Protein chains: 2
Amino acid sequence: MNTPTFRNWQSVQSEVLRRIHAREWPPGELIPNEADLAIEFGCARSTVNRALRSLAESGLLDRRRKAGTRVAAQPVAKATIDIAVIRHEVEEHGAKYGYQLITRRIAVPPVSVSGTMKTRAQDKLLHVRALHLADDAAYAVEDRWINTAIVPDAAAEPFDVLSANEWLIEHAPYTHGDISFSAVQADQGDAEVLGVAPLSALFAIDRVTWDNAAAVTKVRLLFLPGYKLRTQL
Amino acid sequence: MNTPTFRNWQSVQSEVLRRIHAREWPPGELIPNEADLAIEFGCARSTVNRALRSLAESGLLDRRRKAGTRVAAQPVAKATIDIAVIRHEVEEHGAKYGYQLITRRIAVPPVSVSGTMKTRAQDKLLHVRALHLADDAAYAVEDRWINTAIVPDAAAEPFDVLSANEWLIEHAPYTHGDISFSAVQADQGDAEVLGVAPLSALFAIDRVTWDNAAAVTKVRLLFLPGYKLRTQL
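Per chain, residues are indexed from 1 in the order of the written sequence. Throughout, the order in which chains and ligands are written sets their labels, letters from A for the former and numbers from 1 for the latter. Since the coordinates come from a predicted model, pLDDT governs what is reported: local features require at least 70, and pairs of side-chain atoms require 80 or more to be given and counted, while whole-chain, interface and lining totals use all residues. Side-chain figures throughout are based on the complete set of non-hydrogen atoms in the structure, without hydrogens or water.

**A look at the packing of aromatic side chains**
Definition in use: Aromatic contacts are taken between Phe, Tyr and Trp rings whose centres are within 6.5 Å, Trp giving its six-membered ring; a plane angle under 30 degrees counts as stacked, one over 60 as edge-to-face, and the others as tilted. Think of it this way: any DSSP run of H or I at least four residues long counts as a helix, any run of E at least two long counts as a strand, and we number them from the N terminus. Buried residues are those whose accessible area, probed at 1.4 Å on protein chains only, stays under 20% of the maximum for their type, while exposed residues exceed 50% and partly exposed ones sit between those limits.
In the structure shown here, the tally under the stated rule is 15 aromatic pairs over all chains. Residues Phe203 of chain A and Phe223 of chain A carry aromatic rings whose centres are separated by 6.5 Å and whose planes lie at 55° to one another, so their mutual orientation is tilted. Placement of Phe203 of chain A in strand E8 (residues 201-211) and of Phe223 of chain A in strand E9 (residues 214-223) is noted, with a sequence separation of 20 residues between them. Accessibility classification places Phe203 of chain A together with Phe223 of chain A in one group, the buried group. For the pair Phe203 of chain B and Tyr227 of chain B, a centre-to-centre distance of 5.7 Å together with 40° between the ring planes defines the contact as tilted. Here Tyr227 of chain B lies in the loop between strand E9 (214-223) and strand E10 (228-232) and Phe203 of chain B lies in strand E8 (residues 201-211), a separation of 24 residues in the sequence. Like Phe203 of chain B, the residue Tyr227 of chain B is buried in the burial classification.

Next comes the structure, spelled out in structure tokens:
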């Protein structure tokens with residue numbers, strides 16, 4: 001047999017993944033049991049177990065206690081997206097990062113915001129609009145509401161040098177977040193700030209982060225036309 | 001001490017994640033060593049190890065052999081996106097899925113496509129355009145090039161009932177893929193097919209899948225305005 005020896009679970013996982021993608025093990029097929037795979041791969045059974053568990057967690061295998069392990073019949077490809085601080089994203093592309101505060105005010109948010117953040121309709125929140133730049137050109141506009149009942153320190157922050165995007169990472173607690181990606185047409189205000197034609201198609205990232213049941217912040221980031229969020233499958 | 005007993009690595013991971021997000025362990029901070037955490041959590045040291053390893057893999061912890069484990073100073077939030085077959089995505093929203101083939105032809109692709117797919121400029125590929133529907137309304141338009149040198153069976157497929165989106169999952173091998181998300185303005189053709197105004201902002205998913213060094217297929221999916229790709233942090 002030509003199968004090389006697999007020394008760690010990652011290499012076993014790669015080989016199993018290769019067989020799934022190459023359709024040597026097509027969707028729905030029962031794969032050999034762990035003991036047989038351990039013999040074939042020349043490794044410990046626990047190594048095979050670790051690799052199969054990891055693939056089951058990512059939805060590529062269906063594991064049943066008695067019925068064995070099958071290749072998922074309706075595979076869902078999982079793509080992982082890194083959500084970095086904008087400064088790091090800009091600097092990673094080799095550009096010079098810049099930041100400009102547009103407005104900072106305490107205000108009662110529109111009901112669409114208080115509804116999403118589950119604050120009371122009359123509660124005032126901190127509203128910050130700012131521009132992120134790459135090599136002195138507009139890169140993204142940030143429109144953010146901060147719940148100062150949850151992050152009281154934010155009320156004292158001017159956000160004139162350090163962005164809320166960056167400040168919150170260091171100072172705000174959160175337990176989980178909702179994120180969505182969409183395409184929106186630039187309104188007059190965003191078009192002017194970004195220096196693009198009104199109705200341009202902008203990539204939008206909407207994010208709400210939560211500290212248990214309370215919303216910490218809600219932010220919309222609108223990126224210049226041409227922006228692509230890339231990853232691998 | 002009030003700390004409950006942690007029975008498995010997932011519950012240890014949740015607790016560590018909670019401490020990181022709640023800033024009990026702030027960015028850059030050295031966390032207790034595995035042996036101390038095992039005592040605190042009332043579990044095996046290997047359970048703590050498994051949990052920390054998983055968090056290091058997702059970029060939240062920095063582990064150094066001698067220097068111990070620190071909370072990552074520049075945490076990158078990772079969002080996992082499920083890329084399902086469009087039929088499943090529509091059906092998961094409780095809608096009726098529909099499919100219409102628009103065109104199917106063998107053609108020399110534009111250089112932008114042959115360049116990306118790394119095929120020779122004069123090579124003919126299979127070009128399929130199709131509409132995906134939800135409850136009889138347009139949902140997404142698919143524009144796809146298939147490399148029949150890699151997937152010869154595709155040349156015999158009419159794609160009039162079963163979409164290439166679905167057929168390829170069952171029949172085409174792949175080893176890896178590149179995916180990107182962006183916002184584009186609808187051109188005249190896409191606007192007509194989707195029944196929207198020209199220049200509408202459309203959410204675009206571009207994907208190229210590879211079988212080792214050869215491109216299997218390149219597809220652009222354009223979704224109706226209002227489409228959101230959602231996930232959790």
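**Quick look at the relation of the copies chain B and chain A**
As a reminder, the rule being used: Each copy is superposed on the other by least squares, with the fit set by C-alpha atoms of residues at a pLDDT of at least 70 in both. The criterion used for residue contact is that any of the two residues' heavy atoms lie within 4.5 Å.
Placing chain B over chain A gives an RMSD of 0.1 Å and needs a rotation angle of 180°, together with 0.0 Å of translation along the axis. On the angle and the small slide along the axis, the relation comes out as a two-fold axis. Interface overlap between copies is the fraction of interface residues in one copy that are interface residues in the other; for chain B against chain A it reaches 100%, indicating a shared surface.

**A word on the pattern of salt bridges**
All names here are of chain B. Our working rule: The salt bridge definition used is simple: a Lys or Arg side-chain nitrogen within 4 Å of an Asp or Glu carboxyl oxygen.
Applying the stated criterion to the full structure yields 30 salt bridges over all chains. With a shortest N-O distance of 3.4 Å, Arg45 and Glu34 are connected by a salt bridge. With a gap of eleven residues between them, Arg45 in helix H3 (residues 45-57) and Glu34 in helix H2 (residues 34-41) connect regions that are remote in the sequence. The class for Glu34 is buried, based on a relative accessible area of 12%. The residue Arg220 makes a salt bridge to Asp206 at a minimum N-O spacing of 2.9 Å.

**Side note on the environment of Val71 of chain A**
Residues and elements named next belong to chain A. If you trace the backbone, Val71 turns up in strand E2 (residues 68-71). A C-alpha to C-alpha distance of 15 Å links Val71 and Val48, two positions 23 residues apart in sequence. Setting aside residues no more than four positions away along its own chain, Val71 makes contact with Ile20, Trp25, Pro26, Pro27, Gly28, Glu29, Ile31, Leu60 and Leu61.

**Digging into the pairing of strand E6 (residues 137-146) of chain A**
All names here are of chain A. Keep this limit in mind: Strands are treated as partners if at least two bridges between them are detected by DSSP.
Along E6, eight of the ten residues are buried, which leaves the element largely enclosed by surrounding structure. In this structure, strand E5 (residues 125-134) lies alongside E6, joined through nine bridges in antiparallel fashion. Its bridge partner being in E6, Leu133 is matched across the sheet by Ala138. Once E5 ends, the chain turns through two residues before running back antiparallel as E6, passing Asp135 with a positive phi of about 50°. As judged from the seven bridges shared by E6 and E9, these two strands associate in the antiparallel manner. Each bridged residue has a counterpart across the sheet, and for Val141 the counterpart in E9 is Leu222.

**Quick word on the nonpolar core**
The criterion, for reference: Throughout this description, the term nonpolar core refers to a set of buried Ala, Val, Leu, Ile, Met, Phe, Trp, Tyr and Cys residues connected via side-chain atoms within 4.5 Å.
Phe159, Phe181 and Phe203 of chain A together with Phe159, Phe181 and Phe203 of chain B are the most contacted members of the largest nonpolar core, which has 70 residues in total. Dropping the residues within four chain positions of it, Phe203 of chain A is found in contact with Phe181, Ser182, Leu221, Leu222, Phe223, Tyr227 and Leu229 of chain A together with Phe181, Ser182, Ala183 and Phe203 of chain B.

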